[in-house]
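What the coordinates show
Here's the letter readout for the chains.
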Amino acid sequence: MKTILLLLLTSFIITSFAQTNTGKSFRIISANSMFPDSLRNAEPRVYDNKTYIAAEHYSDNSAYIFVPAYFYKTKPFHFVFWFHGWSNNIDSALIEYKLKEQFDAAHLNAIFIFPEGPKNSPDSYGGKFEKAGVFNLFMKDVLQFLSKEKIISSTNHSFDLMYAGHSGAYRVMSYLLLNSSYACKGILLFDALYGQQEKFTMYLKQHSSCKMINIYTDSSGTMQNSKDLMMDMDAWKWKYVQKQDVDITASDLKSNRLIFIHSKMKHNDVVVGNNNNFQRFLESFK
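Here's a quick rundown of the structure. What you see is a predicted model, and the numbers here were worked out from it, not measured in a lab. (Residues numbered from 1 in each chain as written. Predicted model: local features only at pLDDT ≥ 70, side-chain atom pairs only at ≥ 80, totals over all residues. Heavy atoms only, no water.)

1. A word on the environment of histidine 107
Positionally, histidine 107 belongs in the loop between helix H5 (99-106) and strand S7 (110-115). Residue histidine 107 is classed as partly exposed on the basis of its relative accessible area, which comes to 44%. Taking C-alpha positions, histidine 107 is 8.8 Å from glutamine 279, a pair spaced 172 residues apart along the chain. Once residues within four sequence positions are removed from consideration, histidine 107 is found in contact with Tyr70 and Lys286. (Helix = DSSP H or I, 4+ residues; strand = E, 2+ residues; numbered from the N terminus. Buried < 20%, exposed > 50% of the residue type's maximum accessible area, 1.4 Å probe, protein only. Contact = heavy atoms within 4.5 Å.)

2. Some words on the pairing of strand S9 (residues 184-190)
Of all seven residues in S9, six are buried; the element is thus mostly enclosed. Both strand S8 (residues 159-166) and S9 contribute to a ladder of six bridges, which runs parallel. Note that in S9 the partner of glycine 165 across the bridge is leucine 189. Once the chain exits S8 it traverses helix H7 (residues 170-179) before rejoining the sheet at S9, and the crossover so formed is right-handed. Bridging between S9 and strand S10 (residues 211-217) involves five bridges; their strand directions are parallel. Residue pairing across strands places leucine 188 opposite isoleucine 213, the latter belonging to S10. Handedness of the crossover joining S9 and S10 through helix H8 (residues 197-206): right-handed. (Pairing = 2+ DSSP bridges. Right-handed = clockwise from strand over helix to strand, strands pointing away.)

3. Quick look at unusual backbone geometry
A negative phi holds for most residues other than glycine; trans holds for most peptide bonds. Of note, the bond from phenylalanine 35 into proline 36 is cis; its omega dihedral lies within 30 degrees of zero at 0°. Considering the arrangement of structural elements, one finds proline 36 in the loop between strand S2 (23-30) and helix H2 (38-42). In this structure, glutamine 196 is a non-glycine residue whose phi angle is positive, near 65°. Here glutamine 196 lies in the loop between S9 and H8.

4. Re H7
Within H7, seven of the 10 residues are buried, which leaves it mostly tucked inside the rest of the structure. For H7, the complete set of buried residues consists of Tyr170, Val172, Met173, Ser174, Tyr175, Leu176 and Leu177. Those residues of H7 that are buried are in contact with strand S6 (77-83), helix H6 (134-148), S8, S9 and H8.

5. A few points about the pattern of salt bridges
For side chains of opposite charge, pairing can occur when their charged atoms come near one another. Going through the model one piece at a time under the given rule, you end up with nine salt bridges. Between arginine 40 and aspartate 123 there is a salt bridge, with the nearest N and O atoms lying 2.9 Å from each other. In this pair, arginine 40 sits in helix H2 while aspartate 123 sits in the loop between S7 and H6, placing the two residues 83 residues apart along the sequence. Neither residue differs from the other here; arginine 40 and aspartate 123 are each classed as buried. Across the pair aspartate 60 and lysine 119 runs a salt bridge, and its minimum N-O distance is 2.9 Å. Remark: lysine 119 occurs in the loop between S7 and H6 and aspartate 60 occurs in the loop between helix H3 (54-57) and strand S5 (62-68); sequence separation between them is 59 residues. Among the residues examined, aspartate 60 registers a relative accessible area of 18% and is labelled buried. (Salt bridge = Lys/Arg side-chain N within 4 Å of Asp/Glu carboxyl O.)

6. Topic: the sheet that holds S2
Backbone hydrogen bonds are what pair the strands of a sheet, in a parallel or an antiparallel way. Across the sheet, 10 strands lie side by side as S1-S2-S5-S7-S6-S8-S9-S10-S12-S11; this open sheet has mixed pairing. One side of each edge strand has no neighbouring strand; the edge strands of this open sheet are strand S1 (12-20) and strand S11 (241-244). Along the sheet, successive strands turn relative to each other by an average axial angle of 15°, direction set aside. Contacting S1, S2, S5, S6 and S7, H5 runs over the sheet at an angle of about 35° to S5. Each of S6, S8 and S9 touches H7; the most contacted strand, S9, lies at about 165° to it. (Axes fitted to C-alpha atoms, helices over the stretch in contact; angles between N-to-C directions.)

7. Describing the pairing of S7
Taking burial as the measure, the six residues of S7 include six buried ones, the bulk of the element. The two faces of S7 match: Ala110, Phe112 and Phe114 on one face and Ile111, Ile113 and Pro115 on the other face are all buried. By the bridge criterion, four bridges tie S5 to S7 in an arrangement that is antiparallel. Residue alanine 63 lies in a different strand from S7, and its bridge partner there is proline 115. As defined by bridge partners, S6 adjoins S7 across four bridges and the pair is classed as parallel. Of the residues in S7, the one forming a bridge with valine 80 is phenylalanine 112.

Honestly, that's just the spatial picture; any functional story needs more than this.
So this is what it looks like as structure tokens:
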């Protein structure tokens, strides 16, 4: 009866747990996750003459959480959110982009959170996270879960958020900047600036403590948007740095707030690259 009562009083459930010498990994499900969502339930996604039904692609309400062994709950910390791109899922992205390994190696005092998006679907839609207030409820679920597990203290939290993602993740990230009431410290776009520039730039204008790192390639469709945004910043007299990925240094990443990185790599290679880009970008926040 106690277990049943606990589940009724919370809006999350733990579905898996693993612990290694690098830290603790959890999978939770939350009523306030990105999916299921009423829009995709009512109108299935149709792309390239193929239909992606809700039951297979928009019903997973899970999130992966990794807490590194070196995490200190008594110090200020970050929540680093990752969002995957098209035709991907939590498990495939973790493996392909070595996300857990790169996050752990960055040695940032942070907790990694990866909500499931459109699962194995060619879709950028952010589901319920595009609606005002829902992400705040999801964060309450996360905080409640971490407090229950004694990973963070139940009071006096001192943290901020960072949003990172590849490709089609740009959309949900932009809506979180619009709708979340939590401060965002960093925006990490991995060949992902396909649109929503007005949301990114408005947030950057209003929050001078937020850093953006945008890496883009030649043929994926993000280069022109990146160039246009830099041209706008020139007109606004915003200071930014633009370099090739082979030339960008740790000092460049750490000392600049607005960073544009051009890469000759393929679209799916920019997260790892030759130098573990996700890790390097996170290290610039230390």
